[in-house]
Amino acid sequence: MDPVVIPLIVAALVVVLLVASSVRIVPQARRYNMERFGRYHRTLQPGLNLVLPVADRVNTKLDVREQVYSSAPKPVITEDNLVVNIDTVLYYQITDPRAAAYEVADYLQAIDQLTVTTLRNVIGSLDLEGTLTSREEINARLRAVLDDATGKWGIRVNRVEIKAIDPPQSIKEAMEKQMRAERDKRAAILHAEGERQAKILTAEGTKQKDILEAQGTQQAMVLRADGEAKAVELVFQSVHRNNADPKVLAYKYLETLPHLASSDNNTFWVIPGELTEAIRTVTGAFGDQTASAPAPPAPSVRPEPTATGDGTPDEGRTPELEARSPGPTGAAGPSGSLDAAAVADEAVKQADAAVRGAKAEAAEAAKSPRSA
């Protein structure tokens with residue numbers, strides 16, 4: 001081989017290596033911090049970049065996309081002296097690659113420690129209940145503190161979230177008992193409220209039922225009274241329109257007497273005082289035959305004195321009802337003490353006999369003028 005060719009080949013290889021080392025291709029969403037002779041020179045942007053092969057070198061490669069950092073659980077003491085473990089999730093983004101590389105040695109560790117200290121300051125002013133119920137407030141305060149502190153590091157904190165709050169086991173058991181008691185209380189209140197509403201609705205339904213029944217009874221009584229009034233009015237008008245004589249009225253009066261004792265449940269009944277007058281009206285309404293057919297005597301009430309224990313008559317006894325029935329010759333004779341039913345039957349029989357006699361005499365009186 002020619003000795004001149006070898007140096008040419010070596011020179012060509014050196015040129016190729018120099019050209020290759022002077023070209024830097026940066027991917028999208030990446031930033032490279034370039035140093036020249038050990039000093040920051042510039043930040044390479046995505047794409048093709050030319051550098052000095054020997055003088056320039058890449059110090060750090062940074063990803064400028066939004067990053068997620070989840071810290072380990074940190075013990076935090078609340079205002080009421082309870083130790084709780086809190087996990088946080090941090091969303092950040094590098095906005096200045098030079099500051100992120102040269103202003104802080106390890107920005108993730110710095111952010112983690114700043115998060116812990118800020119979290120302890122915030123939780124230290126809250127009790128356990130406030131810690132569990134004030135997550136939005138805690139997140140906002142953490143983000144404000146971290147964003148202000150990490151700005152000079154070229155990092156923007158977009159969001160801070162509390163992932164979990166883990167109280168001690170004894171506190172968990174107490175909280176579970178409290179929640180169970182609250183649920184039982186709400187269940188008892190809802191049950192009592194349901195029973196109350198049910199009783200109220202039942203009472204209102206009963207009230208409406210009673211009102212409707214009372215209104216129905218009232219209307220029925222009114223209609224019944226109106227019907228009876230109209231019936232009495234029609235009977236009254238009919239009697240006065242036909243000009244009924246006394247014998248018809250007396251006869252109808254006597255017809256109602258047997259109905260007084262027709263029921264089996266009647267233990268006693270009262271003979272009206274107008275019975276004698278009604279019989280006289282019937283017998284006298286057919287003519288002058290009352291002389292030949294005397295009116296039956298009315299039942300008389302005679303007190304019978306009874307002897308007391310010392311032999312003196314007892315004037316306070318109730319007089320017994322006696323009825324006199326006509327004898328064989330037509331004279332009135334005592335028939336003994338009768339009960340109410342027997343007296344009523346006897347009075348009805350006497351009334352029927354008087355009516356039949358009056359009708360017979362009226363018929364004979366009507367025939368006698370024709371024969372004359």
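Reading the values: the criteria
Residues numbered from 1 in each chain as written. Predicted model: local features only at pLDDT ≥ 70, side-chain atom pairs only at ≥ 80, totals over all residues. Heavy atoms only, no water. Pairing = 2+ DSSP bridges. Helix = DSSP H or I, 4+ residues; strand = E, 2+ residues; numbered from the N terminus. Axes fitted to C-alpha atoms, helices over the stretch in contact; angles between N-to-C directions. Buried < 20%, exposed > 50% of the residue type's maximum accessible area, 1.4 Å probe, protein only. Contact = heavy atoms within 4.5 Å. Polar contact = N/O pair within 3.5 Å; in protein donor to acceptor, adjacent residues only side chain to side chain. Phe/Tyr/Trp six-rings, centres within 6.5 Å; stacked < 30°, edge-to-face > 60°. Patch = residues over 30% accessible without salt bridge, like charges linked within 9 Å, V, L, I, M, F, W, Y side chains within 5 Å. Areas by Shrake-Rupley, 256 points an atom, 1.4 Å probe, with all protein chains shown as cover. Salt bridge = Lys/Arg side-chain N within 4 Å of Asp/Glu carboxyl O. Lys, Arg positive; Asp, Glu negative; His and termini not counted. Charge placed at Lys NZ, Arg CZ, Asp CG, Glu CD.

A. A look at the sheet that holds strand S5 (residues 56-63). The sheet built from 3 strands is open, its strands ordered S3-S2-S5 with antiparallel pairing. Two strands lie at the open edges of the sheet, namely strand S3 (39-44) and S5, each paired on one side alone. Pairs of neighbouring strands in the sheet enclose a mean axial angle of 25°, with direction left out of account.

B. Just the environment of Arg143, in detail. For Arg143, the position within the fold is in helix H5 (residues 135-150). A relative accessible area of 36% means that Arg143 is categorised as partly exposed. Among residues more than four places away in sequence, those in contact with Arg143 are Val157, Asn158, Arg159 and Val160. Polar contacts involving the side chain of Arg143 include one to the main-chain carbonyl oxygen of Asn158, which spans 2.8 Å.

C. Examining the packing of aromatic side chains more closely. For the structure shown, the criterion picks out 2 aromatic pairs. Aromatic side chains Tyr40 and Tyr102 sit 5.6 Å apart centroid to centroid with 65° between the ring planes, which places their arrangement in the edge-to-face category. Of this pair, Tyr40 sits in strand S3 while Tyr102 sits in helix H2 (residues 97-102), and the two are 62 residues apart along the sequence. When its relative accessible area of 32% is taken as the criterion, Tyr102 is described as partly exposed. Aromatic side chains Tyr92 and Tyr107 sit 6.1 Å apart centroid to centroid with 65° between the ring planes, which places their arrangement in the edge-to-face category. With Tyr92 in strand S8 (residues 83-94) and Tyr107 in helix H3 (residues 107-123), this residue pair connects regions lying 15 residues apart in the sequence.

D. Fine view of a positive patch on the surface. On the surface, Lys177, Arg180, Arg183 and Arg186 cluster together to form a positively charged patch. Considering the arrangement of structural elements, one finds Arg180 in helix H6 (residues 169-242).

Nothing here speaks to function; it is all geometry.
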